[in-house]
Amino acid sequence: MKEIQTELVGAEMVLIYSCFVGFFHFMLRSVVYLFAIYYGLLCTSLQRLCKYLLQQFNDDCTIEEVKSLLYIQANISKILQSAEECLSFHALVAIVISMIGLFREGYKATVASSLNREAFLPPALASIYFLTLHFLITIPASLLNEKLDDMKHFVQHLPNRMPRHRKEVKFELRKNFFPEKRLSLWKICQLNRAVVVTSLGTLLTYGILIASLGKSH
């Protein structure tokens, strides 16, 4: 009787522990995914604002319109600097989690597909989750950095586009000057299209390597 009670208590403890671990993983993935959505929406909003400013800058702009647009551009730079200082480390952690999870679940899906088709679905869905998480951060940030480069190039040549107001435009540029920032992964590397391709290429290379080693053994 005591052995049966001990087994029941042990089973209950294992069940409680499994539920706790599952809940912890669910909450962790939810928090990371919500952060990725927030980060992606922030980058997309800033990118659209930069695109709007570039469309508003033209040869017919008055000096007052240029002043207001440059003021908005300076505020964008401030927001970008705050985002870089506060979110770059969290973006790095999210990217590391996505790459580790994508590699692990992709390997599980590859092994499961060769053993049992029914076991292929869970790791495949998890791989889609981590791939989406990866893209939610890298792609919007890369597009935003590209748009910021376009804006920088345009603003630098703005005095030449308005020769009648060249002195006033230069003065406004100096007055609204703000240190330029680009979104990065904790200041280790700037986010661009090359980072997206390189990260996925690294995962693919190591995946093929480990799969080849597994087959050889």
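The following refers to the structure shown. Keep in mind the model is a prediction, meaning the values are calculated, not measured.

With that settled, consider the overall build of the protein chain. Counting its regular elements, the protein chain contains 6 helices and 0 strands. Going from N to C terminus, the protein chain has its helices and strands arranged as α-α-α-α-α-α. Here the protein chain holds 217 residues, and the buried ones make up 33% of them. Contacts spanning at least 24 positions in sequence make up 81% of the contacts within the protein chain whose residues lie at least 6 apart. Taken as a whole, the protein chain presents about 14,400 Å² of accessible surface, with 65% of it coming from carbon and sulfur.

Now for the environment of Gly106. On the secondary structure map, Gly106 appears in helix 2 (residues 63-115). For the pair Gly106 and Leu203, spaced 97 residues apart in the sequence, the C-alpha separation amounts to 9.5 Å. The contact partners of Gly106, leaving out residues within four places of it in the chain, are Gly101 and Ser127.

This paragraph deals with the pattern of salt bridges. The final tally for this structure, using the stated rule, is 5 salt bridges. Glu105 is paired through a salt bridge with Arg104; the nearest N and O atoms lie 3.3 Å apart. The class of Arg104 is partly exposed, set by a relative accessible area of 40%. The shortest N-O distance in the salt bridge between Glu105 and Lys108 comes to 3.9 Å. A residue pair is termed a helical-turn pair when its members lie 3 or 4 positions apart in one helix, as Glu105 and Lys108 do in helix 2 at 3 residues. We classify Glu105 as buried; its relative accessible area is 6%. Where salt bridges share partners, they join Arg104, Glu105 and Lys108 into one cluster.

Rules used throughout
- Residue indices begin from 1 for each chain and proceed along its sequence in written order.
- Note on the predicted model: pLDDT of at least 70 is required for a residue's local features to be given, and 80 or more for side-chain atom pairs to be given and counted; whole-chain, interface and lining totals, by contrast, use all residues.
- Hydrogens and waters are ignored; side-chain quantities use all the structure's heavy atoms.
- The helix count covers DSSP runs of H or I at least four residues long, the strand count covers runs of E at least two residues long, and both are numbered beginning at the N terminus.
- Working definition: with a 1.4 Å probe on protein chains only, accessible area under 20% of the residue-type maximum means buried, over 50% means exposed, and in between means partly exposed.
- The criterion used for residue contact is that any of the two residues' heavy atoms lie within 4.5 Å.
- The Shrake-Rupley method, run with a 1.4 Å probe, gives the accessible areas here. Residue values count only the displayed protein chains as cover.
- A pairing counts as a salt bridge when a side-chain nitrogen of Lys or Arg comes within 4 Å of a carboxyl oxygen of Asp or Glu.

Function cannot be read off these values alone, since they describe shape.
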